[in-house]
Every structure is written in C-alpha cells, then in structure tokens.
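Chains, contacts and geometry: an overview
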Amino acid sequence: MKNTSAVLVTGGAGYIGSHVVKQLGRAGRRVVVLDNLSTGFRQAVRHGELVVGNTGDMALVEDLLHKHGIQTVLHFAAHIVVPESVSDPLKYYRNNTCSTRNLLECCAAAGVRHFIFSSTAAVYGIPENTFIDEDAPTSPINPYGLSKLMSEWMLRDLAAASDLRYVALRYFNVAGADPEGELGQATPEATHLIKVACEAATGKRSGLAIFGTDYPTPDGTCIRDYIHVDDLARAHLQALDYLEGGGASIVLNCGYGHGYSVREVLDTVQRVSGRSLAIREADRRAGDPPALTADSRRIRHVLGWQPRHDDLAFIVRTALEWERRLAVLDWAGQRHGV
Ligand code: UD1
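One structure accompanies this document, and this report is about it. Remember, predicted model here, so these are calculated numbers, not experimental data.

1. A short note on the site of the ligand
The environment of the ligand is made up of 21 residues, and the closest members are Thr120, Ala209, Arg224, Arg285 and Asp288. Protein chains shield 93% of the accessible area of the ligand, which is 750 Å² for the free molecule. If you tally residues by element for the shell around the ligand, the top one is strand β9 (residues 208-211), at 3 residues. Of the residues that constitute the shell around the ligand, the class distribution is 13 nonpolar, 5 polar and 3 charged.

2. Concerning the pattern of salt bridges
The full count for this structure, using the stated rule, is 22 salt bridges. Across the salt bridge formed by lysine 22 and glutamate 182, the nearest N and O atoms sit 3.0 Å from each other. Linking lysine 22 in helix α1 (residues 15-26) with glutamate 182 in the loop between β8 (173-175) and α6 (193-201), this pair joins segments that are 160 residues apart in sequence. Looking at lysine 22, the relative accessible area reads 10%, which means it is buried. We note a salt bridge from glutamate 199 to arginine 205, for which the minimum N-O separation is 2.7 Å. We classify glutamate 199 as buried; its relative accessible area is 9%. Through salt bridges with shared partners, a single ionic network connects Lys22, Arg26, Arg46, Asp178, Glu180 and Glu182.

3. Concerning the packing of aromatic side chains
Taken as a whole and assessed by the stated rule, the structure comprises 4 aromatic pairs. Taking the centre distance of 6.4 Å and the plane angle of 10 degrees together, the rings of tyrosine 256 and tryptophan 305 count as stacked. Within this pair, whereas tyrosine 256 is found in the loop between β12 (250-254) and β13 (260-261), its partner tryptophan 305 is found in the loop between α9 (297-303) and α10 (312-329), the two being separated by 49 residues in sequence. Relative accessible area serves as the criterion here: at 0%, tryptophan 305 is assigned to the buried category. Its end group placed over the ring of tyrosine 215, arginine 284 keeps NZ or CZ at 4.0 Å from the ring centre.

4. Considering the environment of isoleucine 194
Mapped onto the elements, isoleucine 194 comes out in helix α6. With relative accessibility at 3%, the residue isoleucine 194 sits in the buried group. Sequence separation of isoleucine 194 and leucine 320 is 126 residues, and the distance between their C-alpha atoms is 9.1 Å. Aside from chain neighbours lying at most four places away, what touches isoleucine 194 is Ala175, Tyr226, Val265, Leu312, Ile315 and Ala319.

5. Overview of helix α2 (residues 58-67)
Turning to α2, its buried residues number three or more, namely Leu60, Val61, Leu64 and Leu65. All buried residues of α2 project into a common sector of 130 degrees when viewed along the axis, lining one side. In α2, those exposed residues whose orientation departs by more than 90 degrees from the buried face are Ala59, His66 and Lys67. On its buried face, α2 sits against β1 (7-10), β2 (31-35), β3 (49-52), β4 (72-75) and α4 (89-110). At the exit of α2 stands glycine 69, carrying a positive phi of roughly 55 degrees.

Scoring rules and cut-offs
- Residues numbered from 1 in each chain as written.
- Predicted model: local features only at pLDDT ≥ 70, side-chain atom pairs only at ≥ 80, totals over all residues.
- Heavy atoms only, no water.
- Near = heavy atom within 4 Å.
- Areas by Shrake-Rupley, 256 points an atom, 1.4 Å probe, with all protein chains shown as cover.
- Helix = DSSP H or I, 4+ residues; strand = E, 2+ residues; numbered from the N terminus.
- Nonpolar A, V, L, I, M, F, W, Y, C, P; charged D, E, K, R; others polar.
- Salt bridge = Lys/Arg side-chain N within 4 Å of Asp/Glu carboxyl O.
- Buried < 20%, exposed > 50% of the residue type's maximum accessible area, 1.4 Å probe, protein only.
- Phe/Tyr/Trp six-rings, centres within 6.5 Å; stacked < 30°, edge-to-face > 60°.
- Lys NZ or Arg CZ within 6 Å of the ring centre and 35° of its normal.
- Contact = heavy atoms within 4.5 Å.
- Arc of directions from axis to C-beta.

Next comes the structure, spelled out in structure tokens:
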C-alpha cells in the first residue's frame, strides 16, 4: 500500500535535495521541506510545503516532526565547498555536524524511524585504491569530509541505541540537471568542474583552469566518477523504499563505477556546446586525490538501483541546457533583488 505519511526533507531547496523533492512529488509522497535558503532557492521547491528555517533549530524541528507525524527524514542541508571548509572549519562543524546532531536528537525524541543522509566520497580522503568500496578506510583530508563523517558516526551510534534505521549515501561527483529542465545547480560562484565549464561555454565566465596536469593518470589530470543528479535522486527514493520495507542500516556509494579525466570532461563540454573554451593549465589544487571512482556494486545489489544516464555527454547536455535556462530565470538575482 502506498505510504501517505509526510517525509521531512532538509535542504530540499538545494541542488540535489530539490531533484529528490520533485521525484518524491511524482511518487505521490507528502513532503515538508526545511531549508534556510542560505544557498537554496524557493523556486527550486517544485512540490510540498516549504518551511524556511534552520535544521539545527530544535524547537522548529520538533514542531514539524510532531505536526506532520513524520517518520522519515532525508537530510541534505549542509555546506559543501571544500576549500571554504579549510578556511572556515567551524562553520562546517556547526552547520554540518552540530546541526545534524540537533536534528538527530529531535528525531530520536519523536520516534522517527527512517533517516537518509547525504554523505560524500570526501570521507575516503586520498584512498590507497582508486576504485573504492564502502569498507575502505575513511580518512577525510578536509573539514568538509570530516564534518560529514562525524554525522555518519552519530547515525551509526544512534541506530545501535534505538529503533532508527538509516541509509548513508556517499555521493561521488554529482553533476547534470533535471532532464525536464526545471531544476539544476543555481548557486553562484560554484566550484564544480562541470558547472564551471558550462558557465564558460555559455559566456558566464571567460574561461577556466585545469588544476594539475602532472597527476599519475593517463592524461595527467584527475579522474572522477561523475553521476547524473537524476540517477542520484532516484537512489534516494529507492533507499526510502528499502527502509520502509524493513531494510537494515547501511552505507552506500553513489557513482557509476568508472571515471573521466578533467581533460575528457572539458573535451565533452566543448563538443556538446560547439564552443571552444579558454583553458589554462594551473597548479594542483590542494587536497585533490588523483583518481576517485565508486565501487557501486553494493547499491546496485541492495537497492536494485540502475543508472539511466551513465553517459557523460548527456550529463553535460543537461548541465548546459540548465545553464542557458538559468541565465533567463536568474534565481540568484531575484533573491538579492538585483
Ligand atoms: C569535492 C568532494 C566531493 C564534494 C564536492 C563538493 C573530495 C574528494 N570530493 O569533489 O565529495 O561533494 O567537492 O564541493 O573532496 N577542477 C579543475 N578546474 C576547475 C574545477 C575543478 O581542474 O575549475 C578539477 C578538480 O581539480 C578535480 C575535478 O576537476 O580534479 C573535480 O573537481 P570538483 O568538481 O571541484 O569536485 P571534487 O573536488 O572532486
């Protein structure tokens, strides 16, 4: 029977959360979004009720959990800029770790049963193997990764001490946009490679740099496992079905299991956009592992998850289309009243 109880989605106005909210809406789920709109956008919430507030605000969260009889929480709200986490670590521990702690305390008190957590491949740090399974040692090399890993630990310990069960999804490099063109990454000053390259291809920036060309990889540039946001969003809905079906707490990598180099990504952006980019070769960026690809056998096996968009050209095409559309929508400009 279809589950009609509401789910709480923190950070549902952000890039990944908004794609999940849209899919939850399609699946007929009742959704309450909690987002402080610090980096998210009101316009990105295509379904459900938006409550503007902080995840760490315990009085507000307690009220929402009770008022809507919530049994399931999907927790996306977080800061995600790795270099910023290095320069302002306490911001990351406050917003990512402390807020998650407060949220979990509310969940425990309200008897929330299911929790889906946005974790990250950054918990692995610089791994020994470049094809990484979930049992690989965790050793983050920046406060961002550590702030997320601490949240995973709290979840693990709370699940051991209570009836709460959770799925922690460790995202690799999330990219692309809603294939229907309604949603995408809208945060100004994004740092992600595909977003930056698409901004350059659509004239929003003059060019971009390759950070490091002397890595021990075939073309000297870093390799990453880019996963389309629509496939990632679907993994959340399947994780929800899994928990509601009685599944045990689990940590799952989210990636396709193979990667592309920075040069391959930039070649694809140039080919798909038909524009040649002004590309500069620069020094390595601190803390970038040479290659990171997900061993994704566990999520395929446990959730039955199958990618639909394992195609770099498709990822880039949707990202480019979104970039063009965003130039017209101007969500950021509207927010600041410009
Ligand atoms: C990192 C995190 C990831 C996190 C994401 C959020 C790690 C291992 N991964 O991804 O968990 O979700 O940040 O911000 O910490 N690049 C360029 N030029 C650019 C931009 C990027 O050459 O202008 C290169 C980077 O050096 C890297 C690759 O492109 O090799 C991907 O970079 P990026 O998109 O920033 O993601 P990660 O750093 O891999």
